[in-house]
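# Survey of secondary and tertiary structure
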Amino acid sequence: SREQPIFSTRAHVFQIDPNTKKNWVPTSKHAVTVSYFYDSTRNVYRIISLDGSKAIINSTITPNMTFTKTSQKFGQWADSRANTVYGLGFSSEHHLSKFADKFQEFKEAARLAKEKSQEKMELTSTPSQESAGGDIQSPLTPESINGTDDERATPEVTQNSEPRAEPTQNALPFTHSSTISKHWEAELATLKGNNAKLTAALLESTANVKQWKQQLAAYQEEAERLHKRVTELECVSSQANAVHTHKTELNQTIQELESTLKKKEEEIERLKQEIDNARELQAQRDSLTQKLQEVEIRNKDLEGQLSDLEQRLEKSQNEQEAFRNNLKTLLEILDGKIFELTELRDNLAKLIECS
């Protein structure tokens, strides 16, 4: 994936109520991982959080955004693209400050990247491209709002509570079973990480495809308008020389637009391929999850067998202990009998000597 996580933390996620614009609505039942991602291809920073397979935060950081601390453990920022305000409740003031510092750092990086991009566009643009692109607007103009005083209100949900810890599994007494379980737990953790990246890539790919389609439609309309204009100019015979010059410029602009259309179509095909690959990886994750469930069932069977063996061993030990006690009793009786026989022998020997 071209996006890599550069900072992660855990927090309770909220969104502002779209109806009242005052109350907070929790979007996660418990504390979830919230990560900063960097897209090296598009040179943008994003905040992404997943609750299972559902993306509850997918926010691109722009220079106009502001992260506001509304309490010791709660902060918020507005995202005009998503048309909402996000809120995060942290377990401590330290985690909130760390997240806020990262937000400011990546916001400044986004501002510098935007300035460099604008300078590059100014240097590489031509008069014909500026005139042709004047009527074409990107469907996603990066604007941001900072939220009203009502939106900055402290949420009614208590933010000072500690995040609920995930339940831990009891260690298996059987060594082989424990090794297998740890292996599959590691596999599942890796799959969850891959699933988060794939889900983010799918969301971005879907948004990019929609954006490319809108731009393609705009380019096609512009091409049709230019073709009509060329036809009109060709009908004006009195201005043949001017028409010829203008026609050459328009044809060049049309070629540039057609080249751009072709590139966008290739980009759409590439995004479709990425989506297919993501679905294939999702199927592999489901298969490995099923295998993990089968291993867990096998572990339970082995635990039952181990418990049965322990019971049988305890029973055998009790029987051996009883057998030892019986042998000890017999030895004591035998010692007594031997002693009596010895006395009897001595008495018989004395009688023989006396007679």
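These numbers come from a predicted model, not from an experiment.

Helix and strand content of the chain: four helices and eight strands. Each helix (α) and strand (β) of the chain, taken in turn from the N terminus, gives the series β-β-β-β-β-β-β-β-α-α-α-α. Relative to its 355 residues, the chain shows a buried fraction of 30%. Taking contacts inside the chain between residues at least 6 apart in sequence as the whole, the part at least 24 apart equals 65%.

This part covers the pairing of strand 5 (residues 54-60). Strand direction decides the pairing type here: strand 4 (residues 44-51) and strand 5, joined by six bridges, are antiparallel. Directly across from Arg-46, in strand 5, lies its bridge partner Thr-60. Hairpin geometry of strand 4 and strand 5 is characterised by an intervening segment of two residues between the two adjacent antiparallel strands and by a positive phi of about 75° at Gly-52.

A surface patch of nonpolar side chains, about 400 Å² in accessible area, is lined by Phe-323, Leu-327, Leu-330 and Ile-333. Looking at Ile-333, the relative accessible area reads 46%, which means it is partly exposed.

We now examine unusual backbone geometry. Positive phi values are uncommon outside glycine, yet Lys-21 reaches one of about 60°. The topology assignment puts Lys-21 in the loop between strand 1 (3-16) and strand 2 (24-26). Residues other than glycine seldom take positive phi values, yet Asn-83 does so here, at roughly 55°. Within the fold, Asn-83 resides in the loop between strand 7 (74-79) and strand 8 (84-89). Accessibility expressed as a relative area gives 60% for Asn-83, which makes it exposed.

Counting buried positions over the eight residues of strand 4 gives seven, a clear majority of the element. Taken together, the six bridges between strand 3 (residues 32-39) and strand 4 define a ladder with antiparallel strand orientation. Looking across to strand 4, one finds that Tyr-38 is bridged to Tyr-45.

A few words now on the confidence of the model for the chain. Detailed reading of the predicted coordinates is not advisable wherever pLDDT is low. Mean pLDDT for the chain: 80, with 80% of residues reaching 70 or above. Taken together, the stretch residues 126-176 has pLDDT below 50 and engages in 83 contacts with residues farther than four places along the chain or on a different chain.

The next point concerns the packing of aromatic side chains. Tallying each qualifying case throughout the model produces 14 aromatic pairs. Between Phe-7 and Tyr-36, the ring centres sit 6.1 Å apart and the planes meet at 40°, which makes this aromatic pair tilted. Taken together, the residues span a long stretch of sequence, with Phe-7 in strand 1 and Tyr-36 in strand 3 at a distance of 29 residues. One exposure class covers both Phe-7 and Tyr-36, and it is buried.

This brings us to the layout of surface pockets. When its volume is computed, the second largest pocket comes out at roughly 590 Å³. Lining the second largest pocket are 23 residues, and of these Thr-33, Leu-50, Gly-52, Lys-192 and Ala-196 sit closest to its centre. Mapped by element, the contributors of at least two residues to the lining of the second largest pocket are strand 1, strand 3, strand 4 and helix 3 (175-235). Among the elements that make up the lining of the second largest pocket, the one with the highest residue count is helix 3 (six residues). Looking at the lining of the second largest pocket residue by residue, the classes come out as eight nonpolar, nine polar and six charged.

As a further point, take the pattern of salt bridges. Taken as a whole, this structure holds nine salt bridges when the rule is applied. For Lys-102, the salt bridge identified is with Glu-105, shortest N-O distance 3.8 Å. Here the residue Lys-102 and the residue Glu-105 both occupy positions in helix 1 (residues 93-124), the gap between them amounting to three residues, near one helical turn. Look at Glu-105 and you get partly exposed, because its relative accessible area is 45%. Between Asp-286 and Arg-285 there is a salt bridge whose closest N-O contact spans 3.1 Å. Through salt bridges with shared partners, a single ionic network connects Glu-108, Arg-111 and Glu-115.

Calculation notes
- Residues numbered from 1 in each chain as written.
- Predicted model: local features only at pLDDT ≥ 70, side-chain atom pairs only at ≥ 80, totals over all residues.
- Heavy atoms only, no water.
- Helix = DSSP H or I, 4+ residues; strand = E, 2+ residues; numbered from the N terminus.
- Buried < 20%, exposed > 50% of the residue type's maximum accessible area, 1.4 Å probe, protein only.
- Contact = heavy atoms within 4.5 Å.
- Pairing = 2+ DSSP bridges.
- Patch = residues over 30% accessible without salt bridge, like charges linked within 9 Å, V, L, I, M, F, W, Y side chains within 5 Å.
- Areas by Shrake-Rupley, 256 points an atom, 1.4 Å probe, with all protein chains shown as cover.
- Salt bridge = Lys/Arg side-chain N within 4 Å of Asp/Glu carboxyl O.
- pLDDT = per-residue confidence, 0-100.
- Phe/Tyr/Trp six-rings, centres within 6.5 Å; stacked < 30°, edge-to-face > 60°.
- 1 Å grid on protein atoms, 1.4 Å probe; cavity = no way out; pocket = protein on both sides within 12 Å on 5 of 7 lines; lining within 4 Å.
- Points joined across faces, edges and corners; volume = space filled by probe spheres on them.
- Nonpolar A, V, L, I, M, F, W, Y, C, P; charged D, E, K, R; others polar.

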